[in-house]
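Given next are the chains, with one letter for each unit.
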Amino acid sequence: MKKYFNYIALPALALGLVACEPEFDNDITENEDFYTSGSADFSNYVSVGNSLTAGYADGALYITGQENSYPNIMAQQFALAGGGSFSQPLVSDNLGGLTLGGMQIAENRFVLATDAEGNPGPARLAGTPTTEVSNIVAGPFNNVGVPGAKSFHLVAPGYGNVAGVATGQANPYFARFASSANTTVMAEAVAANPTFFSLWIGNNDILGFATSGGAGADQAGNLDPSTYGPNDITDPNVFASVYSQEVAALTSTGAQGALINIPDVTSIPFFTTVPSQAIPLDEETAATLNASFAAYNTQVLPGLASFGVITAEEAAARQINFSAGANFITIQDEDLTDISTIVQGAPFNLDPITAALLSQLRQTTNDDLIPLTTAGVLGTIDEAYVGFLVSQGLPVEQAGLLAINGVSRPLQDQFVLTTQEQALVTAAQTQYNATIQALASANGLAYVDARTALQNVANGGVAFSGGILSSQFVTGGAFSLDGVHPSPRGYAFTANAVISAINNTYGSTIPGVDIGDYATVTISNDVN
């Protein structure tokens, strides 16, 4: 993920709640003779997937995160019932960055730090990373999770070709451990000869679209993934086809396994931390803004509705109103009617700058989702826009007042996930999950409902032996500082969910772990 802000304002934190050391003793008795594998064979467990499988956390892949990946936690539990060793393509340090030819190509991890005013928030850990992509590590590996991978990437030859990393044609994380330039992730997984596997893929097929604020395209109906952009939604038929291939490959030698479904993007703190009503204004500023938009609210919008350019419902939705206190964010909504050309003509005769401002303007509602990355933009001045306005003849002071992001300068598409965009994500996710569940049933595999499990974490939290695990950013314990990937404690929770489904399917008695024994987020002021 991109570096998105130095700090985000957070409530005062009880730092003991987010310490990096385990907090509770494991009271589960690990008696190897007591636990059984049922009809499953855990002697050679192989995990396949993306960043969630690799142990990615805090915006990076680093050793501690990999050691606390859900597959590594599961493998330790499988060892109690005949499970074998579990190898991972570990990176070189706990900084998390990557280099290629000595040049850094991926940023270091986030840690929790405080700014000069004592406000806590995520910041990048300082230091020079030592994980060089071109230094290939030899496998085979039991964990073939590849951060950034979409469903169709797992069967794409050359996805691990080091020569293609610089041009974006290959994945740097896979390039580190691919056995040859032309191999595929699935080929690596099958070559490891699993007796048992887990497959968790498909999250990135919708996640990039969501985290970019819907800046990609919905590729439903396009069966050629080679034409997709990085933030596009994968066509459900493409997903079904490649996912079927992957399951067939993993079960071809008689291996048993678990298929994990796709959680809701709305259940992660990346979309639940920044409120849609996030603009604090005093009474005087609110009055000034309302005066600026008065003619738009009372003349332009009713006029456009009376002309039939927009509906009365759209006119009502586009009203702009501010008050003292917290206010909804102003945005450009690409699903609204573009009125910029129309309002430049009679009877409105607006200038081009004002027309562009009003083109698809509205304020957010409680149903819109604001990405965590937007936190560093709200209320700031768009300096490039100031420069443009000055070039058009506006005084610098006036230009600055018109360039306040989320207030006088509406946020662009990438800074908000609208309800229409959420619907596209949900539609694809629903079809992906139907495919996963059907293939689990058809092949006698365990089906893991991660979607429901993470909904429970998001909706009030889940109790454990030392407290409540929730999706509250930083303090909830379930998620790391990128707001998308789990913390070690969150990965432990995931491992337990998968183990439970496996026990139910294969009659095994693999014990879960005490999630209180796992860390949450790391505190450090050693930042850039």
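Treat the numbers as computed from the prediction; the structure is a model and nothing was measured.

Draft legend 1. Quick peek at the side chain of glutamate 246. With respect to the helices, strands and loops of the structure, glutamate 246 is situated in helix 7 (residues 236–251). Lacking a salt bridge, the buried glutamate 246 has lysine 150 as its closest oppositely charged neighbour, with an N-O distance of 13 Å. Residues within four places of glutamate 246 in sequence aside, it is in contact with Ser151, Leu154, Val155, Met186, Leu199 and Ile201.

Draft legend 2. Quick peek at the packing of aromatic side chains. As enumerated under the stated definition, the model contains 21 aromatic pairs in all. Considering the side-chain rings of phenylalanine 42 and phenylalanine 196, the 5.0 Å spacing of their centres and the 65° angle between planes classify their relative orientation as edge-to-face. Within this pair, whereas phenylalanine 42 is found in the segment before strand 1 (45–49), its partner phenylalanine 196 is found in strand 7 (residues 196–200), the two being separated by 154 residues in sequence. Like phenylalanine 42, the residue phenylalanine 196 is buried in the burial classification. Ring geometry for phenylalanine 293 and tyrosine 296: centres 6.4 Å apart, planes at 65°, overall edge-to-face. Highlighted residues: phenylalanine 293 and tyrosine 296, both in helix 8 (residues 283–306), separated by 3 residues, approximately one helical turn. Comparing phenylalanine 293 with tyrosine 296, the two get one shared label, buried. Three or more aromatic residues joined by ring pairs make a cluster, and in this case those are Phe42, Tyr45, Phe78, Phe86, Phe196 and Tyr506. Cation over ring: arginine 409 sits above tyrosine 385, and NZ or CZ is 3.8 Å from the ring centre.

Draft legend 3. A look at the nonpolar core. In this structure, Leu199, Leu259 and Ile502 are the most contacted members of the largest nonpolar core, which totals 134 residues. Ranked by residue count, the leading element in this core is helix 15 (residues 488–506), at 9 residues. Ignoring any residue separated from it by four or fewer positions in sequence, one finds leucine 259 in contact with Phe197, Leu199, Tyr243, Val247, Ile436, Leu439, Ala440, Leu445, Ala446, Tyr447 and Val448. Residues Ile353, Val386, Leu394 and Ala399 belong to the second largest nonpolar core, which totals 7 residues.

Draft legend 4. Structural view of empty space enclosed by the protein. The full count for this structure, using the stated rule, is 5 cavities of 30 Å³ or more. Contributing to the lining of the largest cavity are 23 residues, with Leu52, Asn203, Pro263, Ile268 and Val484 lying nearest its centre. Of all the secondary-structure elements, those providing two or more residues to the lining of the largest cavity are helix 1 (51–54), helix 6 (204–211), helix 14 (450–458) and helix 15. Among the residues forming the lining of the largest cavity, the class breakdown is 15 nonpolar, 7 polar and 1 charged. Every residue lining the second largest cavity is listed: Ala54, Leu61, Gln66, Gln88, Pro89, Asn143, Gly145, Tyr173, Arg176 and Phe177. Residue classes in the lining of the second largest cavity are distributed as 5 nonpolar, 4 polar and 1 charged.

Each value, and the rule that gives it
- Residues numbered from 1 in each chain as written.
- Predicted model: local features only at pLDDT ≥ 70, side-chain atom pairs only at ≥ 80, totals over all residues.
- Heavy atoms only, no water.
- Helix = DSSP H or I, 4+ residues; strand = E, 2+ residues; numbered from the N terminus.
- Buried < 20%, exposed > 50% of the residue type's maximum accessible area, 1.4 Å probe, protein only.
- Lys, Arg positive; Asp, Glu negative; His and termini not counted.
- Salt bridge = Lys/Arg side-chain N within 4 Å of Asp/Glu carboxyl O.
- Contact = heavy atoms within 4.5 Å.
- Phe/Tyr/Trp six-rings, centres within 6.5 Å; stacked < 30°, edge-to-face > 60°.
- Lys NZ or Arg CZ within 6 Å of the ring centre and 35° of its normal.
- Core = buried A, V, L, I, M, F, W, Y, C linked by side-chain atoms within 4.5 Å.
- 1 Å grid on protein atoms, 1.4 Å probe; cavity = no way out; pocket = protein on both sides within 12 Å on 5 of 7 lines; lining within 4 Å.
- Points joined across faces, edges and corners; volume = space filled by probe spheres on them.
- Nonpolar A, V, L, I, M, F, W, Y, C, P; charged D, E, K, R; others polar.

Take it as geometry only, folks, not as evidence of what the structure does.
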